Structures are given as C-alpha cells and as structure tokens.
Amino acid sequence: MEHPENNEEYQGLTVNAGIKQPPSINPYLKRSRFRQRELSAAEMVEGIVKGDITILSRAVTLVESVNPQHQAKAQEVIEKCLPYSGNSIRVGISGVPGAGKSTSIDEFGIHVLDKHGGKLAVLAIDPSSERSKGSILGDKTRMEKLSQRLDAFIRPSPTAGSLGGVARKTRESIILCEAAGFDKVFVETVGVGQSETACHSMVDFFLLIQLAGTGDELQGIKRGIMEISDGIVINKCDGSNVDKCHMAATNFRNALHFFPKPESGWLPKVLCYSGFYGTGVKEIWDMIYEYIDFVKANGYFQYRRNEQSKWWMYETINEQLRNSFYNNPLIEQKLQEAEKTVLGGNKTSFTAAFDLLNQYFESMRS
C-alpha cells in the first residue's frame, strides 16, 4: 500500500521533493452558497420608490434580460413605476468616439449635483464586438468623480448587436430611475450614427459633442445629426486648440442657419468648453436650463414627451413583430432553405422574402 506521504496531497499540503508545500487553492475557502432572494414585482417597486439602489440595479438587469419570464415581470414593474416617473430632466449626450463623452459626463454630473442638487442617473450604451459579442462596459472607470458620489447612479449597458432593443430597454430604465427619485438622467449613446435618433426619441435635450479640426463640421451636416441637436458643444478647448475650437464653433453657427427652424422654436446654441479642465461647463448647463424653461413655457416640452411615447409604441410593435417572425417554428425551418435558393440564383432576395412572409402569415391564420 502506498504511504500517505507519497500521495500528491497529504493533510492539505502538496509534497514536492520531500518538502510539504502549501496547496495552490486555499482549503479553508469555500464557495459561497448565498443567493439573493427573488423579489416579487410589488417588492421591487416598493424598493425602487424608496430609492434602494441595489433593487434598482436588479430591476434594470431584469429589464435587460431576454428571458420571456423576466420580460413579463419587468413590464409589470415598469407599469407600476409609471405613476412615479416623468419628473426629471432627460439629457442625451452624443458624439464621435474620442470626443470625450465620458469625461464630459463626469464634469457635467459633478457640476449639476454641486450647483443644483438632486440625484443623477447615467445610462451609458456601450458598443459590443461583432465577433465576440462582448462589451468592455468601462464607462464607469472614466467617470472617477461621479462613481464616488452616493447621489449618482451609473449603469452601462451593452448593445449586443441591437441598437433598437437596447434603446427601448434604456427608455424603460429611465422610468425606473425616475421612480427611484433621480431628477436628472443622462443617456450616453455609442456615437455611431443610428443610435442618435433612438436617443433623441427618449430625452428632453439632445447635446452633441464635437471636436475641432477633424472634418466633423462637414460630417455633422451630412449625417443630419445637427438637425436633431438642441445644443452643440466643442470639446478640448484648451491650450493651443482654443483658436481652432472657436473657429469650428463659428462654422457650426453659420451652418445652423441653413437648417429649417426646429418645431420647438429654439435656435440651437454652439459653445466651447474643456472637459478635461472643466472650464465652460457652467455655460453649457445654463443653456440646458434655459432651453427647458423655454420649451415648458411654449408647451413643446409636454408635446415632445407625448410624441416620444407614441413613437415608442410603434417601435415596440415593430420589434415584437420582428421577434415573432424569426421565432416562428415554420420560419426557422424554411429560412435556411430560402437562403440556399437565393445563393443558388433560383430566386431573388425580394421573392424569397415575400414567400417567407406569406408562409408566416398563413401559419398565423391557421
């Protein structure tokens, strides 16, 4: 029989060349068996209304889940939170990658909390990799000051390849944050073009961050982002870049005169600031509050929120129809066949699509 000391492990110690070595895994550490108790929808709503951040985070996670049971429960929570929502200023913040959105949000947030009080929620949409489908979710690390504040809530969410779905979940998260007492909500977009329209449809003020000397003066006009912007700010206005920023601001102001007058009656302003040094931030927030007062006075504030609610109703219908189509058992079976006929040149893409749609509608009737 083999002597115990010749075993690989003896009394929790590893034997190496006759010398007992500490084990690579601490034997005194045990995997925790603690699991959070699942809360009912009513308990979640009660916790959210009381301002419990932990429960708010769990509710947002529930909203982001693709599990049908979770979605049903999330909708119940949202419906019950609706009466407590709507009492915030919602600001959308967009810009090209590298424009300094996260750094600017850090400065904006600290300023608005220190000068105006209240609570701030930051909902950041983080782009996901097309290959790995993963996201870094590192926005919170670049908001060093805000992440230490008890009156701030930062929540990054991955796009996971679907801007529309994430945007809808972000809008629902806004309702939860407002019910939890957050009277200021920032929504940071991924800054890739299509997300700006979705963000504009859920905020009261849409702020576009630009850089000087990068050609974005023309690109911004071409993409039409300036048409939906309520304010444009030129970041990194410091050091030797000051003159370039003021020149870019002049170009943007001139370009704005070529656009039709917005429905709100508000002429967007163009300001310069430095997110790194925090200069010019006060002027930006003076502009935002001036805009809010302006649109509340002429009735556009509530009109815009009503239009947004209607827009999201249609978006939800489109999303549910899309999901119903692709999750239909018959379509799942026929989709591969349709692909082969298109790739083989036997059908055009349009004919194959119409055939699938007709089969889908027939299956729904039966």
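A quick note: this is a predicted structure, and the numbers were derived from the prediction, not measured.

Draft legend 1. Region of the structure containing the confidence of the model for the chain. Averaged over all residues, the pLDDT of the chain is 83; the fraction at 70 or higher stands at 78%. Ranking the elements of the chain by mean pLDDT puts strand 1 (residues 9–10) last with 43 and helix 10 (residues 281–297) first with 96. Contacts from residues 4–17, a stretch scored under 50 in pLDDT, to residues over four places away or in other chains number 23 contacts. For residues 128–138, every residue scores under 50 in pLDDT, and the model assigns this stretch 18 contacts once sequence neighbours within four places are set aside.

Draft legend 2. Representation of the packing of aromatic side chains. Under the criterion given, the structure shown has 13 aromatic pairs. When the centroid spacing of 5.8 Å and the interplanar angle of 50° are considered together, the rings of W285 and Y289 count as tilted. Of this pair, W285 and Y289 both sit in helix 10, four residues apart, roughly one helical turn. Centre to centre, the rings of F325 and Y326 are 5.1 Å apart; their planes meet at 85°, and the pair counts as edge-to-face. Accessibility expressed as a relative area gives 40% for Y326, which makes it partly exposed.

Draft legend 3. Region of interest: the state of the cysteines. Under the criterion given, the structure shown has zero disulfides. For C237, which is in no disulfide, the shortest distance to another cysteine sulfur is to C245 and amounts to 4.2 Å.

Draft legend 4. Representation of a nonpolar patch on the surface within the structure. Among the surface-exposed residues, M313, Y314, I317 and L321 lie close enough to one another that they form a single nonpolar patch of about 410 Å² accessible area. Relative to the helices and strands, L321 resides in helix 11 (residues 300–326).

Draft legend 5. Region of interest: the pattern of salt bridges. Enumeration over the complete set of coordinates arrives at 17 salt bridges. Between E107 and K145 there is a salt bridge, with its nearest N and O atoms 2.7 Å apart. With a gap of 38 residues between them, E107 in helix 4 (residues 101–116) and K145 in the loop between strand 5 (120–126) and strand 6 (152–158) connect regions that are remote in the sequence. The exposure class of K145 is partly exposed, given its relative accessible area of 41%. Ionic pairing is found between R365 and E362, a salt bridge with its closest N-O pair at 2.9 Å. Of this pair, R365 and E362 both sit in helix 13 (residues 349–365), separated by three residues, roughly a single helical turn. Exposure remark for E362: the relative accessible area of 49% places this residue in the partly exposed category. Members of the salt-bridge network, linked through shared partners, are D114, R149 and D151.

Draft legend 6. How the structure looks around the environment of R305. Of note, R305 is situated in helix 11. C-alpha separation for the pair R305 and M202, spaced 103 residues apart in sequence, amounts to 7.8 Å. With near-sequence residues (within four places) excluded, R305 lies in contact with G86, S88, R90, E178 and D204.

Draft legend 7. Layout of helix 4. Here helix 4 is 16 residues long and its end C-alpha atoms lie 21 Å apart, about the 22 Å a rise of 1.5 Å per residue gives. Of all 16 residues making up helix 4, twelve are buried, and the element is well covered by its neighbours. Listed as buried for helix 4 are K101, S102, S104, I105, D106, E107, F108, G109, I110, H111, V112 and L113.

Draft legend 8. Examining the side chain of S173 more closely. Note on placement: S173 falls in helix 5 (residues 163–179). The residues touching S173, leaving out its near neighbours within four places in the chain, are V60, V63 and L123.

Draft legend 9. Molecular detail of the packing of helix 10 against helix 11. It is at 5 Å that the axes of helix 10 and helix 11 come closest, and there the two elements cross at 85°. Relative to helix 11, helix 10 is oriented roughly perpendicular. In contact with Y291, I292, V295 and K296 of helix 10, helix 11 contributes Y300, F301 and R304. Split into classes, the residues belonging to the contact of helix 10 with helix 11 amount to five nonpolar, no polar and two charged.

So, how was this worked out
- Residue positions are given per chain, counted from 1 along the sequence in the order it is written.
- Note on the predicted model: pLDDT of at least 70 is required for a residue's local features to be given, and 80 or more for side-chain atom pairs to be given and counted; whole-chain, interface and lining totals, by contrast, use all residues.
- The side-chain quantities take in all heavy atoms of the structure and omit both hydrogens and water.
- pLDDT measures the predictor's confidence residue by residue and takes values from 0 up to 100.
- Secondary structure is summarised from DSSP: a helix means a run of H or I of at least four residues, a strand means a run of E of at least two, and numbering begins at the N terminus for each.
- The contact rule is simple, with two residues in contact once any of their heavy atoms fall within 4.5 Å.
- For this analysis, a ring pair means two rings from Phe, Tyr or Trp (six-membered ring only for Trp) whose centres lie within 6.5 Å, classed as stacked if their planes differ by under 30 degrees, edge-to-face if by over 60, and tilted for the remaining angles.
- Classification of residues uses two cut-offs on accessible area relative to the type maximum, computed with a 1.4 Å probe and protein chains only: under 20% is buried, over 50% is exposed, and between them is partly exposed.
- Put simply, a disulfide is two cysteine sulfurs that come within 2.5 Å.
- A patch consists of residues exposed above 30% relative accessible area that lack any salt bridge, with like charges linked at up to 9 Å and nonpolar side chains (Val, Leu, Ile, Met, Phe, Trp, Tyr) linked at up to 5 Å.
- Reported accessibility uses the Shrake-Rupley method at a 1.4 Å probe radius. Residues are deemed covered only where the shown protein chains occlude them.
- Salt bridge criterion: a side-chain nitrogen from Lys or Arg within 4 Å of a carboxyl oxygen from Asp or Glu.
- In this scheme, a helix's expected span is set at 1.5 Å multiplied by one less than its residue total.
- Lines fitted to the C-alpha atoms define the axes, with helices restricted to the stretch that makes contact. Angles between their N-to-C directions range from 0 to 180 degrees.
- Working definition: roughly parallel below 35 degrees, roughly antiparallel above 145 degrees, roughly perpendicular at 65 to 115 degrees, and oblique for all remaining angles.
- Charged residues are taken to be Asp, Glu, Lys and Arg, nonpolar residues to be Ala, Val, Leu, Ile, Met, Phe, Trp, Tyr, Cys and Pro, and polar residues to be all remaining types, Gly included.

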